[in-house]
Amino acid sequence: MSENIPGFSTLAIHAGAAPDPSTGARATPIYQTTSFVFDDVDHAASLFGLQAFGNIYTRITNPTTAVLEERVAALEGGTAALATASGHSAQLLCFHSLMQPGDNIVAANKLYGGSINQLKHSFKSFGWGVKWADPADMSSFEAAIDDSTRAIFIESLANPGGIVVDIEAIAKIAKAKGVPLVVDNTMATPYLCRPIEHGADIVLHSLTKFMGGHGNSMGGIIVDGGSFDWSASGNYPLLSQPRPEYQGIVLHETFGNFAFAIACRVLGLRDLGPAISPFNAFMILTGIETLPLRMQRHSDNAKKVALHLAAHDKVKWVSYAALPEDKHHDLQQKYMPKGAGAVFTFGVEGGYDAGVALVSKVELFSHLANIGDTRSLIIHPASTTHRQLSDEQKTAAGAGPDVVRISVGLEDVDDIIADLDQALAG
Amino acid sequence: MNHDTYADAYIKGILDEVKTVAMVGASANNVRPSYFVLKYLLSKGYEVWPINPGQAGKEILGQKVYASLDELPAVPDMIDIFRNSEAAGAIVDEVIASGKLPKVIWMQLTVRHDEAAARAEAAGIKMVMDRCPKIEYGRLSGEIGWAGVNSRTLSSKRPALKSGFQHRGLSGKKES
């Protein structure tokens, strides 16, 4: 693009959202409709054949959702995006466009637990394998990739451990092997980190978290970086081969550098069906307008809370990349210098019982299994999300008996600290 | 000029100015990109003259197909080339040699020939390479956003509507 590129805050408010042409409505209207009237039979044929831009049915496209898609594509610096019902369904549609039975994904072993479940168990039914690699050891990625590897999957800022992953180093390996790099950017958001600028080919989000930001709407998104050559090998037939679903159209040659997003829509979303509701798209869009303000405050509050806890006599350790002594601090300074986000873990003196006591005694923090709300959230993984694991497994997963995870909200930071202090005082 | 990037105003100026388009390599196969683009440009009110020696004398989408640029009824405002880069360069040189100069020569996505482009520009022809007029029209009208594509444009002005429910024009231009 040769013209002045607007700043991030301008894009967060305006990208994708011109006034409504029918009414002049300035906020994006909620097009709460299942279907759209055709002008005539030829117009309908053009739409069904992908020959014209336009709306048929809200499972495939919707004008409210489209604004969300263009908005996030612009914020991530991608060519196009596809919104879905949840972050999990974004992952499903992304890998559906990349994988055939017998193929595998090389994935970082530090991922959100729900993603580990999806890759390890659910995807097995589709014949998609997963091979794990350690983001602290680049050679483990190289070693894991084989002739059937069709994607590398990492989180930019891994949940929950506060691990910052060296995206550029992994992108280099991906490029050398001719495999696309898929990055889940949920915890960082494009305000803190833009993975495409570091070599990622595809970016995924759970919009449910910081992008929506208010804990009220589920959503996910796939952003096409436009950088991968889908026709260079025969490994991505949904993009490079004539598709029987559309009388033999070849998506890559037809849609160029946004073909991946189109494939996820016209093959994945159309046939598998996890569409986001227009109402949720509207709620998330409204949240995104204040993303730069919220993420900065989340990060600033979290750093103050982390510093306080690091000096607290009831706290054994704090894992947060913004702390100067943290082992991920150098990578945080490189990939997300504005802040390390809202989520981190710490260890309480007294182990399991002390963890249970803390989540029971908080008054401002909400005890629940989510992150990325305006409200401060807390969970003790050993007694909840990781309860079924053995002690050894819990520790290996970063969910040892003393581990507490918090997602620091947007309340006054003095009140957040005071609540933790009173709950730790026991 | 630099052909790595184009200002939106340059592309919009071309799409506003051009009325007739000769499409070299137009296909009768309804899943080929050149068929898509032909159909889209017709829907936006352009007069399009398909050129395809194998289809000469037949019709594609109701438009008479010509065997070559020489046979066109008039000099087109724009020549849109669906051929590989080498063939596109040769077409540019033939056009310059013929003396029948269009205002614009446009080469489709992945098609680019910088030396031929420089010769065309020296002859007063505007060049666009490695772009698609359907994508550019869709981008500048906002239609492409319906597919979740990043139009890389921002506007606080009402989009221009054309006839029907789902047809947009280029903003700032009166549409019927």
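Only a predicted model underlies this, so the values are computations on that prediction, with no experimental measurement involved.

A few points about the UniProt feature "modified residue: N6-(pyridoxal phosphate)lysine" (unreviewed entry) in chain A
Residue and element names in this part refer to chain A.
So, step 1. The feature "modified residue: N6-(pyridoxal phosphate)lysine" (unreviewed entry), as given by UniProt, occupies Lys209 in the numbering adopted here.
So, step 2. Among the structural elements, Lys209 can be located in the loop between strand 8 (202-206) and strand 9 (220-224).
So, step 3. Setting aside residues up to four positions removed in sequence, Lys209 forms contacts with Thr186, Ile371 and Gly372.

So, the pairing of strand 7 (residues 181-184) of chain A
On any regular strand, side chains alternate: one points to one face of the sheet, the next to the other face.
Residues and elements named next belong to chain A.
So, step 1. By the alternation rule, side chains of strand 7 split into Leu181 and Val183 and Val182 and Asp184, which are all buried.
So, step 2. Relative to strand 7, strand 4 (residues 149-155) runs parallel, the two being bridged by four bridges. Opposite Glu155, over in strand 7, you have Asp184 as the bridge partner.
So, step 3. One ladder, built from three bridges, connects strand 7 with strand 8; its direction is parallel. Along strand 8, the bridge assignment pairs Val182 with Ile202.

As for the interface of chain B and chain A
So, step 1. In this complex, chain B contributes 34 residues to the contact, which on the side of chain A involves 44 residues.
So, step 2. In terms of residues, the side of chain B that touches chain A owes the most to one element, helix 2 (residues 33-43) of chain B, which gives five residues.
So, step 3. Residues that form the side of chain B that touches chain A fall into these classes: 15 nonpolar, 13 polar and six charged.

A word on the UniProt feature "domain: CoA-binding" (unreviewed entry) in chain B
So, step 1. Cross-referencing UniProt, the feature "domain: CoA-binding" (unreviewed entry) maps to residues 14-111 of chain B in the present numbering.
So, step 2. Between the end C-alpha atoms of residues 14-111 of chain B there is a gap of 18 Å, over a span that is 30% helix and 22% strand.

A closer look at the sheet that holds strand 11 (residues 343-348) of chain A
All names here are of chain A.
So, step 1. Strands sit in the order 10-11-14-13-12 across an open sheet of five strands; the sheet is mixed. Unpaired on one side and paired on the other, strand 10 (315-319) and strand 12 (366-367) mark the two borders of the sheet.
So, step 2. Pairing geometry for strand 13 (residues 377-379) and strand 14 (residues 403-407), over three bridges, is antiparallel. Along strand 14, the bridge assignment pairs Leu377 with Ser407.
So, step 3. Across the sheet, helix 13 (residues 291-310) lies against strand 10 and strand 11, angled at about 150° from strand 10, the strand it touches most.

Here's the deal with the sheet that holds strand 7 of chain A
Residues and elements named next belong to chain A.
So, step 1. Strands sit in the order 1-9-8-7-4-2-3 across an open sheet of seven strands; the sheet is mixed. Among the strands making up the open sheet, the edge pair consists of strand 1 (80-84) and strand 3 (129-133). The sheet shows a mean angle of 20° between the axes of neighbouring strands, direction not considered.
So, step 2. Bridge count between strand 8 and strand 9: five bridges; the pairing is antiparallel. Residue pairing for strand 9: Val203 is matched across the bridge by Val223.

Remarks on the domain arrangement of chain A
The extent of an interface is frequently quoted as the accessible surface area lost upon association of the parts.
Residue and element names in this part refer to chain A.
So, step 1. With domains assigned, chain A is organised as domain 1 (8-288) and domain 2 (291-425).
So, step 2. Computed over C-alpha atoms, the centres of domain 1 and domain 2 are 29 Å apart.
So, step 3. Domain 1 puts 28 residues into the contact, and the matching count from domain 2 is 29 residues.

The rules behind the values
- What you see as residue numbers is a count from 1 along each chain, following the sequence as written.
- For this description, chains carry letters from A and ligands carry numbers from 1, given in the order in which they are written.
- Under the rules for a predicted model, residues below a pLDDT of 70 receive no local features and side-chain atom pairs below 80 are neither given nor counted, while totals for whole chains, interfaces and linings still include all residues.
- UniProt positions are given in the numbering used here, feature names are shortened, and annotations may be inferred rather than shown by experiment.
- Here a strand is any run of E in DSSP of at least two residues, a helix any run of H or I of at least four, and the numbering for each starts at the N terminus.
- A residue pair is marked as a contact if its C-beta atoms, positioned from the backbone, fall within 7 Å.
- Each residue is classified by how many other C-beta atoms fall within 10 Å of its C-beta atom, where C-beta atoms are placed from the backbone; a count of 20 or more means buried, 12 or fewer means exposed, and values in between mean partly exposed.
- Paired strands, as defined in this entry, are two strands with at least two bridges between them according to DSSP.
- As a working rule, the residues Ala, Val, Leu, Ile, Met, Phe, Trp, Tyr, Cys and Pro are called nonpolar, Asp, Glu, Lys and Arg charged, and the rest polar, with Gly in that last group.
- The axes used here are C-alpha line fits, helices contributing only the stretch in contact, and every angle between their N-to-C directions lies in the interval 0 to 180 degrees.
- These domain boundaries are the output of an automatic or database domain assignment.

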